Amino acid sequence: MGWLWAIIVGLVLGLIAKAIIPGKQHSPIWLVTIFGMLGAIAGNAIARGFGVEETPGIDWSRHAFQLVAAIIIVAVGDMLYMATLGKRRHRV
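Note that the structure is a prediction, hence the values are computed from the model and not measured.

**Observations concerning the overall build of the chain**
Stage number 1. Scanning the chain from N- to C-terminus turns up 3 helices and 0 strands.
Stage number 2. Reported as C-alpha extents along the three principal axes, the dimensions of the chain are approximately 50 × 25 × 20 Å.
Stage number 3. Taking all contacts inside the chain whose residues are at least 6 apart in sequence as the whole, residues at least 24 apart take part in 63%.
Stage number 4. Of the roughly 6200 Å² of accessible surface on the chain, a fraction of 72% belongs to carbon and sulfur atoms.
Stage number 5. Taken as two groups, the 8 positive and 4 negative side-chain charges of the chain have centres that lie 22 Å from each other.

**What about the nonpolar core?**
Stage number 1. In terms of nonpolar packing, the biggest core is built from 10 residues, these being Leu13, Ala17, Ile21, Leu31, Phe35, Ala40, Ala70, Val74, Tyr81 and Met82.
Stage number 2. Elements that contribute at least two residues to this core include exactly helix H1 (2-20), helix H2 (29-49) and helix H3 (60-91).
Stage number 3. The biggest single contributor to this core is H3, with 4 residues.
Stage number 4. Dropping the residues within four chain positions of it, Val74 is found in contact with Gly14, Ala17, Lys18, Ile21 and Phe35.

**Focus: the packing of aromatic side chains**
Stage number 1. The full count for this structure, using the stated rule, is 1 aromatic pair.
Stage number 2. Judged by centre distance (5.3 Å) and plane angle (10°), the ring pair of Phe50 and Phe65 falls under stacked. Linking Phe50 in the loop between H2 and H3 with Phe65 in helix H3, this pair joins segments that are 15 residues apart in sequence.
Stage number 3. Overall, Phe50 belongs to the exposed group, its relative accessible area being 61%.

**Topic: H1**
Stage number 1. With 19 residues, H1 should cover 27 Å at 1.5 Å per step; its first-to-last C-alpha distance of 27 Å lies within 8% of that length.
Stage number 2. The complete set of buried residues in H1 reads Gly10, Leu13, Gly14 and Ala17. Looking straight down H1, one finds its buried side chains confined to an arc of 105°; they lie on one side. Exposed residues pointing more than 90 degrees away from the buried face of H1 are listed as Trp5 and Ala19.

**Concerning the pattern of salt bridges**
Stage number 1. One pass over the structure, following the stated rule, counts 1 salt bridge.
Stage number 2. The shortest N-O distance in the salt bridge between Arg62 and Asp59 comes to 3.1 Å.

The rules behind each value
- Residues numbered from 1 in each chain as written.
- Predicted model: local features only at pLDDT ≥ 70, side-chain atom pairs only at ≥ 80, totals over all residues.
- Heavy atoms only, no water.
- Helix = DSSP H or I, 4+ residues; strand = E, 2+ residues; numbered from the N terminus.
- Contact = heavy atoms within 4.5 Å.
- Areas by Shrake-Rupley, 256 points an atom, 1.4 Å probe, with all protein chains shown as cover.
- Lys, Arg positive; Asp, Glu negative; His and termini not counted.
- Charge placed at Lys NZ, Arg CZ, Asp CG, Glu CD.
- Core = buried A, V, L, I, M, F, W, Y, C linked by side-chain atoms within 4.5 Å.
- Buried < 20%, exposed > 50% of the residue type's maximum accessible area, 1.4 Å probe, protein only.
- Phe/Tyr/Trp six-rings, centres within 6.5 Å; stacked < 30°, edge-to-face > 60°.
- Expected span 1.5 Å × (residues − 1).
- Arc of directions from axis to C-beta.
- Salt bridge = Lys/Arg side-chain N within 4 Å of Asp/Glu carboxyl O.

Worth remembering: the numbers are spatial, not functional.
See the structure below:
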């Protein structure tokens, strides 16, 4: 159940990050999901570094760290995707 939850959270974070980033992103949905999962992991690590490990109720600050990390990872990942695979796919 842990992997399923990680995939769902990664998908939601990746899609929100993709919607926030201006312009068009060309990354496929599976890659956006992986970027979202990486953003969740990085956001949790950053939140833990700031002393926000777990709070009673909804962890809004931890979710904010996850979203910011996902936005950065989706933006950078999409640029790398377009620099490598994306150009070849769009030429065909």
